[in-house]
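What follows is each chain in one-letter form.
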Amino acid sequence: MSHSFLRPVPPSLLLVLAAACSAPAPPPEITAVSFSPDPHSYAQPAQARVTAVALDLTPDFDARVLAGTARLAVTRAPGASSLVLDVRDLTIGRVTDAKGAALTFDLGAAKPFLGQPLTIALSPGADLVIIEYRTSPSAAAVQWLAPAQTSGKTLPFLFTQGQAILTRTWVPTQDSPGIRQTYEAAIHVPAGMRAVMSAEEVTKAGEKDASGRAIFRYRMTQPIPPYLIALAVGDIAFKPIGATTGVYAEPSVVDRAAAEFVEVDQMIAAAEKLYGPYRWGRYDILVLPPSFPFGGMENPRLTFATPTILAGDRSLVSLVAHELAHSWSGNLVTNANWNDFWINEGFTVYLEGRIMEELRGKRYADMLRQLGRQDLDDGIADAGGPKAADTHLRLALDTRDPDDGMTNIAYEKGAAFLQTIESVVGRDRIDAFLRAYFDRFAFQPMTSDQLIAYMNETLFKPGEAEKVNVQAWVFGPGLPGNVPPVKSEAFEAVDAQVARWTKGDAAAGLTTREWSTQEWLHFLRALPQTIPAARLTDLDRSLNLSASGNSEILFAWLEIAIRNRYEPAFPALERFLLSQGRRKFLRPLYEALAKTDWGRTMAMRVYRQARPTYHSVSVGTIDGILKWQEK
Ligand code: BES
Ligand code: ZN
């Protein structure tokens with residue numbers, strides 16, 4: 001483990017810094033950290049490491065293949081003679097040095113989810129490796145959409161999803177979050193389409209390749225973990241929001257998206273006030289077709305988002321605050337490996353709550369926090385109860401797919417840990433701590449041990465670490481007893497309406513005027529587990545739940561409908577499962593269906609139709625739930 005931050009800054013560096021004071025800030029250096037081991041990567045970065053990736057790729061929408069070259073800049077230890085990369089389902093062609101001389105390479109045995117090590121013999125002095133390659137049509141990171149799966153219905157679409165260890169299925173590099181790399185790319189696309197990436201666009205107007213394809217160029221000059229390299233290609237329009245913000249989406253969606261996200265500049269201002277400058281230049285949001293498997297993905301400069309947050313009333317935009325917050329927690333300071341995923345997500349949920357509190361006030365943020373606590377309780381139950389090892393913040397995923405560890409625990413127990421620290425040291429001190437933390441560790445990986453050492457060094461006064469009970473929070477199971485209670489005032493009023501309805505009042509007579517989406521969600525979650533059909537009809541008729549255009553409300557209602565086998569809602573359930581691929585919605589619904597024979601039959605029928613439209617990430621999860629065998 002590295003404690004490099006504990007070392008004093010050498011005087012020579014101080015002189016350099018002093019001399020540089022008036023000069024513009026230098027680009028962030030790729031730090032010479034000692035690499036903490038990553039069980040999910042074959043790379044041996046202490047021997048030779050990739051510092052920069054340059055891609056030249058052409059998507060073939062018929063073959064569903066990305067083909068071209070990756071040019072890797074390499075630094076290596078004296079005497080190191082080989083470079084080890086992570087690859088999965090790639091076809092490797094020639095590998096050469098900068099002068100075009102062939103380099104010998106070896107592809108090791110493939111392991112489930114990890115893929116293969118690609119070991120390249122480095123010629124003496126060579127610091128550049130060029131790999132010709134193509135992806136597989138089933139590359140897990142890449143979803144190829146037929147025109148029918150887009151809202152325009154005329155052109156195909158593709159997007160990538162790198163987190164956690166999927167980048168290796170489309171980019172041959174060292175796919176570990178602790179090995180930061182800059183990147184650039186030239187993407188050759190057919191007429192009528194645009195390529196967007198998680199980087200700065202440097203496209204030359206009108207540039208075409210020999211086959212007449214338009215070339216889109218991007219560059220990311222700040223070192224990022226490779227899971228943040230991202231690409232989308234399709235009929236993509238752009239609409240600005242502020243001077244440095246905007247929305248990309250299919251033409252028929254872009255206006256709606258821009259209206260939904262008008263608060264994005266305020267969100268950036270709130271985040272900067274709390275946590276220091278936004279360091280990535282522009283902040284745009286790409287709204288993807290509905291098969292995008294996540295709510296959002298924090299690709300730098302360009303958050304990828306599901307269209308299911310376009311509720312029409314800005315009620316689900318805390319998701320944007322979340323992805324934006326990753327511009328600090330996650331993208332600037334990054335979990336060193338996936339066992340420390342909570343350092344990305346727990347911090348981000350905490351920041352999200354603070355940003356939303358700045359925008360909409362405490363009453364609103366408290367609702368988000370209380371819903372989060374409920375998610376945490378569910379997460380602990382799903383993980384096997386409060387003693388289960390999967391309820392630790394710091395995980396031991398070593399032989400498992402990191403995807404298995406990406407549960408509500410990292411998000412909500414992580415956020416609850418920071419709320420606990422806040423309750424002990426106060427807001428002013430945790431705010432000052434976080435701001436300094438993002439400055440101090442910008443563009444660096446972070447482990448639980450390093451974080452705790454830094455907290456002990458700069459945050460806690462004597463006795464406070466014990467009062468917080470840091471060790472129990474990070475390395476122990478369940479929810480420590482000192483978690484501060486969250487009590488939403490707004491939800492107390494909702495509970496009163498739940499009580500009225502449960503006693504037999506008609507839904508039409510309840511006081512629900514002015515309820516926000518969050519109040520509706522609390523209402524639905526607080527209803528009894530078992531509800532007779534007539535009472536469900538009362539709810540559905542008066543509150544129009546099956547027809548809700550709000551994906552979160554509809555989802556909460558459909559869970560109730562399945563639990564109670566309320567068949568009038570099943571057409572809506574089927575439509576929902578067929579019309580979007582967000583795993584957070586799919587997983588619980590398929591799980592609930594799979595519990596009964598009738599439900600399982602329905603699930604299999606719907607899934608047979610839906611499966612080809614889902615992303616590999618969702619397919620992997622639902623296959624597991626339904627024990628699906630591809631015939
Ligand atoms: N980084 C995650 C998405 C992710 C996690 C992708 C793990 C792959 C592996 C993103 O920031 C996220 O947490 N998205 C959430 C929404 C958020 C508001 C909790 C989601 O997709 O639902
Ligand atoms: Zn997140």
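Please refer to the structure higher up on the page.
First, a word on scope: everything that follows refers to the structure included in this document. (Residues numbered from 1 in each chain as written. Chains lettered and ligands numbered in written order. Predicted model: local features only at pLDDT ≥ 70, side-chain atom pairs only at ≥ 80, totals over all residues. Heavy atoms only, no water.)

Quick look at the site of ligand 1
Looking at ligand 1, there are 16 residues lining it, with Q163, G295, E298, E323 and Y411 nearest. G296 has a polar backbone atom sitting 3.2 Å from a nitrogen atom of ligand 1. Coverage of ligand 1 by the protein chains reaches 88% of its 520 Å² of free accessible surface. Going through the elements one at a time, β18 (296–297), α4 (318–325) and α5 (341–360) are the ones with two or more residues in the shell around ligand 1. Looking at the shell around ligand 1, its residues break down into 6 nonpolar, 6 polar and 4 charged. (Near = heavy atom within 4 Å. Polar contact = N/O pair within 3.5 Å; in protein donor to acceptor, adjacent residues only side chain to side chain. Areas by Shrake-Rupley, 256 points an atom, 1.4 Å probe, with all protein chains shown as cover. Helix = DSSP H or I, 4+ residues; strand = E, 2+ residues; numbered from the N terminus. Nonpolar A, V, L, I, M, F, W, Y, C, P; charged D, E, K, R; others polar.)

As for the packing of aromatic side chains
With the rule as written, the count across this model stands at 33 aromatic pairs. Where Y437 meets Y454, the ring centres are 6.3 Å apart and the plane angle is 35°; that geometry is what we call tilted. Here the residue Y437 occupies a position in helix α8 (residues 427–440), and Y454 occupies one in helix α9 (residues 448–458), the gap between them amounting to 17 residues. Summarising the burial analysis for this pair, Y437 and Y454 share the class buried. The structure contains a cluster of three or more aromatic residues connected by ring pairs, namely Y275, W342, F347, F417, F433, Y437, F438, F441, Y454 and W473. A cation sits over an aromatic face here: R440 above F441, 4.8 Å from the ring centre. (Phe/Tyr/Trp six-rings, centres within 6.5 Å; stacked < 30°, edge-to-face > 60°. Buried < 20%, exposed > 50% of the residue type's maximum accessible area, 1.4 Å probe, protein only. Lys NZ or Arg CZ within 6 Å of the ring centre and 35° of its normal.)

With respect to the coordination of the zinc ion (ligand 2)
The zinc ion (ligand 2) binds to the protein through H322 (NE2), H326 (NE2), E345 (OE) and E345 (OE); the donor distances cover 1.9 to 2.7 Å. Considering all 6 donor atoms around the zinc ion (ligand 2), angles at the metal cover 52 to 159° and the coordination shape is irregular. (Donors = N, O, S within 2.8 Å, 3.2 Å for Na, K, Ca; no water. Tetrahedral: all angles 85-135°; square planar, octahedral: opposite > 155°, others 65-115°.)

Quick word on the packing of α5 against helix α6 (residues 362–382)
Remark: α5 packs on α6, axes separated minimally by 7 Å, with the N-to-C direction vectors making an angle of 150°. It follows that α5 is roughly antiparallel to α6 by the angle criterion. Considering only the axes of α5 and α6, their crossing is right-handed. Where α5 abuts α6, its residues G353, R354, M356, E357 and R360 lie against K362, Y364, A365, L368 and R369. Per-class residue counts for the contact of α5 with α6 are 4 nonpolar, 1 polar and 5 charged. (Axes fitted to C-alpha atoms, helices over the stretch in contact; angles between N-to-C directions. Parallel < 35°, antiparallel > 145°, perpendicular 65-115°, else oblique. Left-handed = near helix turned anticlockwise from the far one by under 90°. Contact = heavy atoms within 4.5 Å.)

Digging into the nonpolar core
Within the largest apolar cluster, 201 residues are counted, with the highest numbers of intra-cluster contacts made by W170, F417, Y437, F523, W557 and Y590. Among the elements that line this core, the one with the most residues is α5, at 10 residues. Excluding residues that lie within four positions of it along the chain, Y590 makes contacts with L577, A603, V606, Y607, A610, Y614, I622, I625 and L626. (Core = buried A, V, L, I, M, F, W, Y, C linked by side-chain atoms within 4.5 Å.)

Considering the pattern of salt bridges
Taken as a whole, this structure holds 32 salt bridges when the rule is applied. Where R219 meets E200, a salt bridge forms, and the shortest distance between an N and an O atom there is 3.4 Å. Here E200 lies in strand β12 (residues 200–201) and R219 lies in strand β13 (residues 214–224), a separation of 19 residues in the sequence. For R219, a relative accessible area of 38% corresponds to the partly exposed category. The partner of R363 in a salt bridge is E489, and the shortest N-O contact between them spans 3.8 Å. (Salt bridge = Lys/Arg side-chain N within 4 Å of Asp/Glu carboxyl O.)

A closer look at the sheet that holds strand β15 (residues 237–240)
Pairing is mixed across the open sheet formed by 5 strands, whose spatial order is β15-β16-β17-β19-β18. Both outer strands of the open sheet, β15 and β18, are each paired with one neighbouring strand and no more. Pairing analysis gives 2 bridges linking β18 to strand β19 (residues 302–305), with the strands arranged antiparallel. Looking at the pairing, M297 lines up with F304 of β19. Lying on the sheet, α4 is in contact with β17 (283–287), β18 and β19; it crosses β17 at an angle near 125°. (Pairing = 2+ DSSP bridges.)

Overview of the pairing of strand β1 (residues 48–60)
Examined bridge by bridge, β1 and strand β2 (residues 65–76) share 12 bridges and lie antiparallel to one another. Looking across to β2, one finds that L57 is bridged to G68. In this antiparallel pair of consecutive strands, β1 and β2, the connection spans 4 residues, and R64 shows a positive phi of 60°. Direction of pairing for β1 relative to strand β10 (residues 181–189): parallel, over a ladder of 6 bridges. Considered in β10, the bridge of V53 is made with Y183.

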